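So you can see what is in the structure, the chains are spelled out below.
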Amino acid sequence: ALTQPEKYAAVASLSGAVDVANISHGRDEHWHVVMGSAFGDCARIGGGRSDLFAISRKLARAGTKVPAIYSCCGTEDYLLPGNRKFASHAAKLNLPFTYEEHDGFGHSWDYWDQQIQRVLQWLPLRK
């Protein structure tokens, strides 16, 4: 949604891998293969096509309208540090960003099944 903001009104991230430039540090080779298939070479991602920090900075500088963003993460999720970092980044850029954390949840379907209901309430859908 951030690489083609003109096509989207809103976007949601549930326990997202939003800090791909730093997510692979300290991980094993299998992790690098999985992340590489999703995002490309993790070692060279900083500032690249999957770096949401760089993309959002560029959009903010250009004054480009950004879709409304909802993001949530459980406090026991290994992706929590990256989600907190991006929430802080989005606030500094004054992006239309809603962020929520929920105690006791990890990276699991139980959490996402619950949170998708929140996303549906949040989405700016017409009645």
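Now for a look at the structure at hand. Because the structure is predicted, anything quoted here is derived from the model rather than measured.

1. Remarks on the pattern of salt bridges
Evaluation of the coordinates by the stated rule reveals 3 salt bridges. The salt bridge partner of K85 is D19, with a shortest N-O separation of 3.4 Å. One end of the pair, K85, is in helix α3 (residues 80-93); the other, D19, is in the loop between β1 (10-14) and α1 (29-39), and 66 residues separate them in sequence. Judged by its relative accessible area of 10%, D19 falls in the buried class.

2. Considering helix α4 (residues 109-122)
Between the first and last C-alpha of α4 there are 20 Å, a value that for 14 residues agrees with the 20 Å anticipated at 1.5 Å per step. Every buried residue of α4 is accounted for by Y111, W112, Q115, V119 and W122. Check the buried side of α4 and you find it contacts β1, β2 (68-74) and β3 (97-102).

3. Some remarks on the nonpolar core
Counting residues in hydrophobic clusters, the biggest one holds 12 residues: L2, V18, F53, I55, L59, V66, I69, F86, A87, A90, L95 and F97. Apart from residues lying up to four places away in sequence, A87 is in contact with F97 and Y99. By size, the runner-up hydrophobic cluster in this structure holds 7 residues, among which are Y70, C72, V119 and W122.

Cut-offs and rules
Residues numbered from 1 in each chain as written. Predicted model: local features only at pLDDT ≥ 70, side-chain atom pairs only at ≥ 80, totals over all residues. Heavy atoms only, no water. Salt bridge = Lys/Arg side-chain N within 4 Å of Asp/Glu carboxyl O. Helix = DSSP H or I, 4+ residues; strand = E, 2+ residues; numbered from the N terminus. Buried < 20%, exposed > 50% of the residue type's maximum accessible area, 1.4 Å probe, protein only. Expected span 1.5 Å × (residues − 1). Contact = heavy atoms within 4.5 Å. Core = buried A, V, L, I, M, F, W, Y, C linked by side-chain atoms within 4.5 Å.

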